[in-house]
Amino acid sequence: MGTMADTSALEPGSFRDPESRVFYAGDEVYRALSADGLGDFEALAATGLLDDPRLIGTRRADDVSALRGLLVHEPAGVLRHERIPFVSYPYEWTFSMLKDAALVQLDLLLAALEHDLVLKDSTPYNVQFRGATPQFVDIGSFERIREGEPWVGYRQFCMLYLYPLLLQSAKGVPFQPWLRGAIDGITPGQMRGLMSFRDRFRKGVFTNVFLHARLEKRYADRPDQVKQEVKRVFKKELFVANVRKMRKLVERQSWDPPEGVWTAYGERNSYTDDDAARKDAFVREVATSREWGLVWDIGANNGRYSRIAAEGARTVVAVDADQGPVELLYRDLRSEGDEKILTLTMNLADPSPGLGWRGLERRSMPERGTPDLVLALALIHHVAISANVPVKEFVDWLTSLRTALVIEFPTREDPMVKKLLAPKREGLHPDYELGFFERCLNEAFEVDRSERLESGTRVLYYARPKGR
Amino acid sequence: MTTVLAYLDPGSGSMILQIIAGGLAAVAVTAKLYWNRILRFLRIRKDEPETSKTDTAQGTDTA
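Note that the coordinates shown come from a computational prediction; the quantities given were computed from them, not determined experimentally.

Let's talk about the overall build of chain A
Right, so step 1: Helices and strands together make up the secondary structure of chain A, namely 16 helices and 16 strands.
Right, so step 2: Compactness check: chain A gives a C-alpha radius of gyration of 25 Å against a globular reference of 23 Å for 468 residues, within 12% of the reference.
Right, so step 3: If you take every contact in chain A between residues at least 6 apart in sequence, the share linking residues at least 24 apart comes to 67%.

Here it is as structure tokens:
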């Protein structure tokens, strides 16, 4: 590894493929290629596929001095990639996001096959979102096809795309905890255990789950023999047919949020119209007061305020613990061709941790980019009362982000707060109180503006971190 | 001897499956072609130019 003093560093999540390795120098993202890797890249460049908008913008950049000392071998070539505004992971995506990523993966594989290239793996971590637009980022995944080679990434596709989609589509079980729980996804054997007898009659399930699990068990100890045999009979036509079949199967998978979510998506919020208008105006004034780089809208719900924030920000990350409204928001943004608002589903009281080798392959959200502005609207009562996070700790966490803040505090008289407190023992959450909250906020932040909404039970604040 | 060198383990069972799944697809396409021929013979379907044989990928879902 290079010295820690300079600004260049290897991406700790990019070590699995020895032919290509991602590193950073200053603000730029690079990829170092081995001789083989470079040969594959040149083959890819010759096809014209590099200009496809589904691929991350990439060009040659061989004279990079920042690379010195980072790699064991001198690379044969270096690429420079466009930056993705905010990195996200499949266990933070909604159903349609994972499905769209799967389709991009398969379509690019089909396009590659036409030029005698393949994608050497099938991991959703190779897809990132620019707003609601998926983009394939692992240029190093393209390689020249070898005679008699089967679809090497098929098993990985099942484990990280097909099974998670099936789980939610057929069983109504959200896939996110499964992907967060295992970086390699769900194995065929595990998936088989999750399927009922009736499930084997669902299209694609018998072959891709039951038969797959059985064959995996039977041939586990004979890899050499199988490899030779497969090479002898496998043809490219078979490869293409299998990928097309998989595409149809993925296309069939569907999931919709429960009915209540649809209704609420249109007209969430328990405030009067006047309150809503004043809240819109408050957020809009802050959002457009300067050019914000990265905005987090935590507890984004139907994305009403993410959209307002996007009027004045380069990138908005809209996060909500409830997958339903986030899914509907994603669908709307997708049909609008949005490239600014990234929708994610994650429980703020149980946020994405560092995962993988050394806990560094996948990072926590703040490690992927701290926000310039955070919107925390109609959120603190959920965190403090439902998740039992002390009010002071929540404000401390916001302080640690060193970000400007628009926060809403619903008082104890607010109907929603009353509802959340109702099932709790009398006298719990004494810290959930307007005066105490304001003291906590004033300790770490400079409160620029505050406004009590007409109904009287909700107060908005615009605050900046002290000393900035 | 050149072996397929992938950094990812394709999985032995997974490779066999692709041949079986592909095999079923091939059988299905052949069956479909014959079925069309029977229908034409029985005058249930009108004559139309037969789709090319390289089109193995279509209609695989009937497998």
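Considerations on the environment of Leu215 of chain A
Right, so step 1: Along the chain, the position of Leu215 of chain A falls in helix α6 (residues 205–218).
Right, so step 2: Separated by 166 residues in the primary sequence, Leu215 of chain A and His381 of chain A have C-alpha atoms spaced 51 Å apart.
Right, so step 3: Once residues lying within four places of it in the same chain are set aside, the contact partners of Leu215 of chain A are Gly13, Ile16 and Leu17 of chain B.

So, the sheet that holds strand β12 (residues 341–345) of chain A
All names here are of chain A.
Right, so step 1: As summarised here, the arrangement of the 7 strands in space is β12-β11-β10-β13-β14-β16-β15, forming an open sheet in which the pairing is mixed. The sheet terminates laterally at β12 and β15 (445–452), the two strands that pair on one side only. For this sheet the average axis-to-axis angle between neighbouring strands, irrespective of direction, equals 15°.
Right, so step 2: Bridging between strand β10 (residues 292–298) and strand β13 (residues 373–376) involves 3 bridges; their strand directions are parallel. Note that in β13 the partner of Asp297 across the bridge is Leu375.
Right, so step 3: Packed on one face of the sheet, helix α10 (residues 273–287) meets β10, β11 (313–320), β13, β14 (404–410), β15 and β16 (458–465) and runs near 5° to β16.
Right, so step 4: Here helix α16 (residues 434–444) sits on the sheet in contact with β14, β15 and β16, set at roughly 145° to β15.

Brief notes about the domain arrangement of chain A
Residue and element names in this part refer to chain A.
Right, so step 1: Here chain A is described as being made up of domain 1 (9–81), domain 2 (90–252) and domain 3 (259–465).
Right, so step 2: Of note, the centres of domain 1 and domain 2, computed from C-alpha atoms alone, are 25 Å apart.
Right, so step 3: The dominant element in the side of domain 1 that touches domain 2, judged by the number of residues it contributes, is helix α1 (residues 35–47), at 6 residues.
Right, so step 4: Split by residue class, the side of domain 1 that touches domain 2 holds 8 nonpolar, 5 polar and 5 charged.

Thoughts on the interface of chain A and chain B
Right, so step 1: At the junction of the two partners, chain A supplies 39 residues and chain B supplies 22 residues.
Right, so step 2: For the side of chain A that touches chain B, the secondary structure elements donating two or more residues are α3 (154–171), α6, α7 (223–233) and α8 (236–252) of chain A.
Right, so step 3: Take the side of chain A that touches chain B: its biggest share by element is 8 residues, from α8 of chain A.
Right, so step 4: For the side of chain A that touches chain B, the class distribution of residues is 17 nonpolar, 5 polar and 17 charged.

A look at helix α12 (residues 323–336) of chain A
Residues and elements named next belong to chain A.
Right, so step 1: The terminal C-alpha atoms of α12 lie 20 Å apart, and with 14 residues this matches the ideal 20 Å at 1.5 Å per residue to within 8%.
Right, so step 2: Turning to α12, its buried residues number three or more, namely Gln323, Gly324, Pro325, Val326, Glu327, Leu328, Leu329, Tyr330 and Leu333.
Right, so step 3: Among the residues trailing α12, Gly337 stands out with phi positive, at a value near 70°.

Details of the sheet that holds strand β2 (residues 20–25) of chain A
Right, so step 1: Here 5 strands make up an open sheet; going across it, the order is β1-β2-β3-β5-β4 (chain A) and the pairing antiparallel. Each having just a single partner strand, β1 (9–10) and β4 (58–60) of chain A make up the two edges of the open sheet.

Quick word on the packing of helix α2 (residues 95–114) of chain A against α12 of chain A
Residues and elements named next belong to chain A.
Right, so step 1: Two elements in contact, α2 and α12, have axes whose closest approach is 8 Å; the angle formed by their N-to-C orientations is 45°. One way to sum up the angle between α2 and α12 is to call them oblique. Contacts from Phe95, Ser96 and Met97 of α2 reach α12 at Glu327, Tyr330 and Arg331.
Right, so step 2: Per-class residue counts for the contact of α2 with α12 are 3 nonpolar, 1 polar and 2 charged.

Describing the pairing of strand β7 (residues 127–130) of chain A
One face of the sheet, then the other: side chains in a regular strand alternate in exactly this way.
Residue and element names in this part refer to chain A.
Right, so step 1: When β7 meets strand β8 (residues 133–136), the two strands line up antiparallel, connected through 4 bridges. Across the sheet, residue Arg130 finds its bridge partner in β8, namely Thr133.
Right, so step 2: Adjacent in sequence and paired antiparallel, β7 and β8 are bridged by 2 residues, among which Gly131 carries a positive phi angle near 60°.

Brief notes about the nonpolar core
Nonpolar side chains in soluble globular proteins tend to end up buried together.
Residues and elements named next belong to chain A.
Right, so step 1: Judged by nonpolar contacts, the single largest core of 128 residues is most densely connected at Leu98, Val283, Val295, Ala309, Leu375, Ala376 and Leu405.
Right, so step 2: Per-element tally for this core: the top contributor is α3, with 11 residues.
Right, so step 3: Discounting chain neighbours no more than four positions away, the residues touching Val295 are Ala309, Ala313, Val316, Pro371, Asp372, Leu373 and Leu375.

Brief notes about the confidence of the model for chain B
Residues and elements named next belong to chain B.
Right, so step 1: When the pLDDT values of chain B are averaged, the result is 67; 51% of them are 70 or greater.
Right, so step 2: Overall, residues 50–63 carries pLDDT values under 50, and its contacts beyond four positions in sequence, including any with other chains, amount to 23 contacts.
Right, so step 3: We note a pTM of 0.89 for the whole complex and an ipTM of 0.77 for its interfaces.

Calculation rules
- Residues numbered from 1 in each chain as written.
- Chains lettered and ligands numbered in written order.
- Predicted model: local features only at pLDDT ≥ 70, side-chain atom pairs only at ≥ 80, totals over all residues.
- Helix = DSSP H or I, 4+ residues; strand = E, 2+ residues; numbered from the N terminus.
- Rg over C-alpha atoms; globule rule 2.2 N^0.38 Å.
- Contact = placed C-beta atoms within 7 Å.
- Pairing = 2+ DSSP bridges.
- Axes fitted to C-alpha atoms, helices over the stretch in contact; angles between N-to-C directions.
- Domains from an automatic or database assignment.
- Nonpolar A, V, L, I, M, F, W, Y, C, P; charged D, E, K, R; others polar.
- Expected span 1.5 Å × (residues − 1).
- Buried ≥ 20, exposed ≤ 12 C-beta atoms within 10 Å, placed from the backbone.
- Parallel < 35°, antiparallel > 145°, perpendicular 65-115°, else oblique.
- Core = buried A, V, L, I, M, F, W, Y, C linked by C-beta atoms within 7 Å.
- pLDDT = per-residue confidence, 0-100.

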